[in-house]
Amino acid sequence: MDFNVKKLASGAGLFFTRAVQFTEEKLGQAEKTELDAHFENLMSRADCTKNWTEKIYRQTEVLLQPNPSARIEEFLYEKLDRKAPSRITNGELLGQYMQDAAREFGPETPYGSTLTTVGECERRLGAAERDFLQTSTISFLSPLRNFLEGDWKTISKERRLLENLRLDLDACKTRLKKAKLSEAKAAMAPDFQETRPRNYVLSASASALWSEEVEKSEHELRVAQTEFDRQAEVTRLLLEGISSTHVNHLRCLHEFVEAQAAFYKQCHFHMHELKKELGRLPNAFALSSTQSVVAAGTAAEDISSPVEKDTLKIEEVQAPATGTRKAKVLYDYDAADSSELSLLADE
């Protein structure tokens, strides 16, 4: 118990000394040991690396998982050291809905068969997205998170220790400076012509005490300087390791780009195959469009007939027969090829 009390008192005294030193430095009442320019550049580079790595990591998380609730859930599972349940992607869910709808509408109908085909493609796209998410998490997100939660925490810890040792060193310098000043005053106080020996003895004793204080302060300063230099070297080596971190993150970035390129290549392939499959399916919409083209061609012949000279008015258009569809042109349109019609607004 006594040991714990002494240790607590010693720690409180050390904290108070550092606080006083820090306050006096901020007020300009105490000198501060400055680090060399190279060391300052290393710390600035490390801070820049940490800040931008954190931003890139957070935004990549948003890119891979836009749903904030899902990100929070994954974070909680990670902190609880439990495996997060596998989550179906939006593309796979859409594909499942399309295929379920096709079974309800009838897979033999044009709409049902098209829903089945598109749904299968969406499921392939969702599966490719899931593979991309897993690959990106392993090859890109994990190394960034390991740096932020591992290497950077170690660097921060050593930097805080270095700052504390610097405060201790500067406090020792301040105590030594005050002790030397007091010793000089005590040495000037004795008067060898003094007729009262008692005063001379007291002055000599004070001078001796201050000399011992100077020796003690010098010893503490040497110890503090040694500890500070050792910690500065350890911190410098860690800060210089940021270059290796950049090289590692560069390799991870290349892997992320390759995974993203492979994902988009798969998406392009699946969509190209889907377009070819849709072209081979029976399409009621295409048949209806063909009938409309034929009807429009007949109407065009009637309009161009020399018997009818007046322009056809929208009010004169008769209601379509049962089974046909009526449409009104909203904008002028020029046909791109022979399979399309050139139309004018309000036809």
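Keep in mind it's a predicted model, so treat the numbers as computed, not measured. (Residues numbered from 1 in each chain as written. Predicted model: local features only at pLDDT ≥ 70, side-chain atom pairs only at ≥ 80, totals over all residues. Heavy atoms only, no water.)

S.K.: Would you mind going over the UniProt feature "coiled-coil region" (unreviewed entry) in the protein with me for this structure?
M.R.: Here the UniProt feature "coiled-coil region" (unreviewed entry) sits at residues 155-182. Here residues 155-182 runs as 100% helix and 0% strand, with 40 Å between its end C-alpha atoms. (UniProt positions renumbered as here; feature names shortened; annotations may be inferred. Helix = DSSP H or I, 4+ residues; strand = E, 2+ residues; numbered from the N terminus.)

S.K.: For this particular structure, what's the right way to read the side chain of Ser139?
M.R.: By the element assignment, Ser139 lies in helix H5 (residues 110-188). Taking the relative accessible area as the measure of exposure, Ser139 reaches 11% and is therefore buried. Polar contacts involving the side chain of Ser139 include one to the main-chain carbonyl oxygen of Thr135, which spans 2.7 Å. (Buried < 20%, exposed > 50% of the residue type's maximum accessible area, 1.4 Å probe, protein only. Polar contact = N/O pair within 3.5 Å; in protein donor to acceptor, adjacent residues only side chain to side chain.)

S.K.: What am I meant to see in helix H3 (residues 68-79) here?
M.R.: The first and last C-alpha atoms of H3 sit 16 Å apart over 12 residues, in line with the 16 Å expected at 1.5 Å per residue. N-capping of H3 is provided by Asn67, with a side-chain oxygen placed 3.1 Å from the backbone N of Ser69. Positive backbone phi, approximately 55°, marks Asp81, located one or two places after H3. (Expected span 1.5 Å × (residues − 1).)

S.K.: In this structure, what is going on with the nonpolar core? I would like to understand it.
M.R.: As a rule of thumb, nonpolar side chains are buried together in soluble globular proteins. Of all hydrophobic cores here, the largest spans 40 residues; its most connected members are Phe132 and Leu239. Elements supplying a minimum of two residues to this core: helix H2 (37-64), helix H4 (90-105), H5, helix H6 (197-240) and helix H7 (242-280). Here this core gets 19 residues from one element, more than from any other, and that element is H5. In this view, Leu239 contacts Phe39, Leu42, Met43, Ala46, Ile155 and Arg159; residues no more than four positions away in its chain are not counted. (Core = buried A, V, L, I, M, F, W, Y, C linked by side-chain atoms within 4.5 Å. Contact = heavy atoms within 4.5 Å.)

S.K.: Explain the packing of aromatic side chains to me, please; I cannot follow it from the model alone.
M.R.: Here a ring pair, both rings aromatic, is described through the centre-centre distance and the interplanar angle of the planes. This model, assessed by the stated rule, comprises 6 aromatic pairs. Where Phe105 meets Tyr111, the ring centres are 5.4 Å apart and the plane angle is 20°; that geometry is what we call stacked. What makes Tyr111 exposed here is its relative accessible area of 53%. Arranged with centres 6.2 Å apart and planes meeting at 35°, the rings of Phe132 and Phe256 form a pair that is tilted. Taken as a pair, Phe132 in helix H5 and Phe256 in helix H7 lie far apart in primary sequence, 124 residues in all. Both residues of the pair, Phe132 and Phe256, belong to the buried class. Seen from the ring of Trp52, Lys55 lies directly overhead, with NZ or CZ sitting 4.6 Å from the centre. (Phe/Tyr/Trp six-rings, centres within 6.5 Å; stacked < 30°, edge-to-face > 60°. Lys NZ or Arg CZ within 6 Å of the ring centre and 35° of its normal.)

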